[in-house]
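# A closer look at the structure
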Amino acid sequence: MSHADLLATGSELLFREGYCLDRQQWQDWLALFTEDCELWAPSWVGEHQQISDPQTEISLLYLAGRSRLQERVERAVSGASPASVPLPRTCHHVGNILLLDHEVGSMTLHSAWRVDYFHQKKTGAFFGHYEHRLVADGDAWRIARKRVTLMNDFIPTVMDVYHI
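Let me begin by describing the structure that accompanies this report. In this text the structure is predicted, and so the values were computed from the model without any measurement. (Residues numbered from 1 in each chain as written. Predicted model: local features only at pLDDT ≥ 70, side-chain atom pairs only at ≥ 80, totals over all residues. Heavy atoms only, no water.)

Here we come to the environment of Ala64. The residue Ala64 is located in strand β4 (residues 59-64) in this model. Along the backbone, Ala64 and Cys91 are 27 residues apart, and their C-alpha atoms lie at a distance of 25 Å. (Helix = DSSP H or I, 4+ residues; strand = E, 2+ residues; numbered from the N terminus.)

Our focus in this paragraph is the sheet that holds strand β6 (residues 106-119). If you walk across this open sheet you meet the 6 strands as β4-β1-β8-β7-β6-β5, and the pairing is mixed. One side of each edge strand has no neighbouring strand; the edge strands of this open sheet are β4 and β5 (89-103). Across the sheet, the axes of successive neighbouring strands diverge by a mean angle of 20 degrees, strand direction being ignored. Pairing between strand β1 (residues 33-42) and strand β8 (residues 140-150): 4 bridges, direction parallel. The partner of Trp40 across the bridge, within β8, is Arg147. Set on the sheet, helix α1 (residues 3-22) makes contact with β1, β5, β6, β7 (122-137) and β8; between it and β5 the angle comes to about 155 degrees. Against the sheet, helix α3 (residues 66-78) engages β1 and β4, with an angle of about 70 degrees to β1. (Pairing = 2+ DSSP bridges. Axes fitted to C-alpha atoms, helices over the stretch in contact; angles between N-to-C directions. Contact = heavy atoms within 4.5 Å.)

With that out of the way, let us pick up the state of the cysteines. Such a bond, covalent and formed between the sulfur atoms of two cysteines, is termed a disulfide. Taken as a whole, this structure holds 0 disulfides when the rule is applied. Counting only cysteine sulfurs, Cys20 is the nearest neighbor of Cys37, a cysteine outside any disulfide, at a range of 14 Å. Judged by relative accessible area, Cys37 falls into the buried class, the value being 1%. Distance from the sulfur of Cys91, which forms no disulfide, to the nearest cysteine sulfur (Cys20) is 14 Å. We classify Cys91 as partly exposed; its relative accessible area is 36%. (Disulfide = S-S within 2.5 Å. Buried < 20%, exposed > 50% of the residue type's maximum accessible area, 1.4 Å probe, protein only.)

As structure tokens, this is what we get:
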């Protein structure tokens with residue numbers, strides 16, 4: 001695939017991820033990820049430095065494997081997570097998508113994002129940068145790794161997968 005084709009394909013996947021989250025299409029969202037995926041939002045240790053190891057340092061969010069994403073979704077939709085009742089309404093914006101690198105069967109994208117949300121008569125927003133590692137899976141592409149740099153990491157109430 002050409003650079004332009006890879007960028008278009010990757011961008012479509014990032015847009016689809018936001019679409020699924022905004023519409024609470026959880027099974028479609030989960031299907032975008034590989035079985036051994038990683039979703040990581042590292043915490044900040046200074047104004048310009050984040051943690052480097054989710055295994056030994058505290059993260060804002062770290063989920064390894066699609067089964068962990070599934071557990072998180074089940075908690076939110078079942079009401080087992082009181083902070084998610086009712087589920088917030090969200091609007092994901094993804095832009096400035098750059099193809100950082102690629103090789104046969106994989107690519108890395110960088111993008112800027114913002115998620116506006118409405119929950120319990122309050123509005124808010126989270127914003128930052130994404131780095132997605134995508135891998136080819138037959139005729140489709142899947143998210144193998146999603147690293148979320150949350151720029152406004154003061155979290156007033158709750159933050160979950162649908163906020164980022």
